[in-house]
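One letter stands for each residue in the lines below.
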Amino acid sequence: MNAETMMGTELRGLRQRRPEVAGTVLAGTDGLLISSDLPTTDATHLAALAAASFGLGHRMAATVRQGEFHESVVHTAAGCVVTYPAGRDALLTLVASPGADLTALREEARAMVHRSGPALAACRRPTLLPNQPDPHAPLAVRSPMATLPNQRPRRDPVSWRRPPI
């Protein structure tokens, strides 16, 4: 079973077990939609917002040095939206009704991510060519100055001269 089919099955199973979940979105940490059972326009926007929320939460966790990011919760008047990391490159976002038991939902979502995360990571990881750098490496490692093309400034046939002082 491929990763997308596996995730679709897992998301449907989660919705059946947890009726308070109104919708699910699986997105990459880059904000691109992978899978969803929300309307397309809502899902693509929510995928991008989930990536932004993850980035902010990840940065806050690193700043306060209290461990790694686990989840982001947005409480609204009509329920809540919860975003969990799903492996290294994906995010699981759940839209839940107001009476949702977030503790039980967290355990169920983490179990689902634990079961399907490795297959999803393998599916999303690009295969690197032998001379291609790791895309997750810091910029200095990916493109050191020694590998940048040596470009000389273009000189016009008529050169500009500084006026005498």
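Refer to the structure printed above.
Right, let's walk through the structure included here. (Residues numbered from 1 in each chain as written. Predicted model: local features only at pLDDT ≥ 70, side-chain atom pairs only at ≥ 80, totals over all residues. Heavy atoms only, no water.)

### Quick word on the sheet that holds strand 5 (residues 90-96)
Operational definition: By this definition, two strands are paired if DSSP reports at least two bridges between them. Only DSSP runs of H or I reaching four residues or more are called helices, and only runs of E reaching two or more are called strands; each is numbered from the N terminus. Here, axes are lines fitted to C-alpha atoms. For helices the fit covers the stretch in contact, and angles between N-to-C directions go from 0 to 180 degrees.
Strands sit in the order 2-1-5-4-3 across an open sheet of 5 strands; the sheet is antiparallel. Each edge of the open sheet carries a strand with a single partner, namely strand 2 (33-36) and strand 3 (72-76). Along the sheet, successive strands turn relative to each other by an average axial angle of 15 degrees, direction set aside. As judged from the 5 bridges shared by strand 3 and strand 4 (residues 79-85), these two strands associate in the antiparallel manner. Across the sheet, residue Thr76 finds its bridge partner in strand 4, namely Gly79.

### Quick notes on the pairing of strand 1 (residues 21-28)
Our working rule: Each residue gets one of three labels from its accessible area relative to the maximum for its type: buried under 20%, exposed over 50%, partly exposed in between, using a 1.4 Å probe on protein chains only.
Along strand 1, 7 of the 8 residues are buried, which leaves the element largely enclosed by surrounding structure. Both strand 1 and strand 2 contribute to a ladder of 3 bridges, which runs antiparallel. Note on strand 2: the bridge partner recorded for Leu26 is Ser35. Connecting the antiparallel pair strand 1 and strand 2 is a turn made up of 4 residues, with Gly31 showing a positive phi of about 90 degrees.

### Quick word on the environment of Leu56
Relative to the helices and strands, Leu56 resides in helix 2 (residues 40-64). Placed 13 residues apart in sequence, Leu56 and Phe69 show a C-alpha to C-alpha distance of 9.7 Å.

### What to know about unusual backbone geometry
The backbone of Arg65 shows a phi angle near 50 degrees, a positive value even though the residue is not glycine. In this structure, Arg65 sits in the loop between helix 2 and strand 3. With relative accessibility at 74%, the residue Arg65 sits in the exposed group.

### Topic: the nonpolar core
Condition: Definition of nonpolar core: a set of buried residues of the types Ala, Val, Leu, Ile, Met, Phe, Trp, Tyr and Cys, connected through side-chain atoms within 4.5 Å. The contact criterion used throughout is that any non-hydrogen atoms of two residues lie within 4.5 Å.
By size, the foremost hydrophobic cluster in this structure holds 18 residues, and its most contacted members are Leu26, Tyr84, Ala86, Leu92, Leu94, Leu105 and Met112. Listing elements by their share of this core, those giving two or more residues are helix 1 (3-17), strand 1, strand 4, strand 5 and helix 3 (102-124). The contact partners of Leu92, leaving out residues within four places of it in the chain, are Leu11, Val25, Leu26, Val82, Thr83, Tyr84, Ala86, Ala109, Met112 and Val113. Judged by nonpolar contacts, the second largest core, of 6 residues, contains Ala50, Ala51, Phe54 and Phe69.

### Some details on the pattern of salt bridges
Keep this limit in mind: Salt-bridge detection follows one rule: a side-chain nitrogen of Lys or Arg within 4 Å of a carboxyl oxygen of Asp or Glu.
In total, this model carries 5 salt bridges according to the counting rule given. For Arg110, the salt bridge goes to Glu71, with nearest N and O atoms at 3.9 Å. Of the two residues, Arg110 sits in helix 3 while Glu71 sits in the loop between helix 2 and strand 3, which places them 39 residues apart along the sequence. Exposure remark for Arg110: the relative accessible area of 32% places this residue in the partly exposed category. Residues joined in a network through salt bridges with shared partners are Glu71, Arg106 and Arg110.

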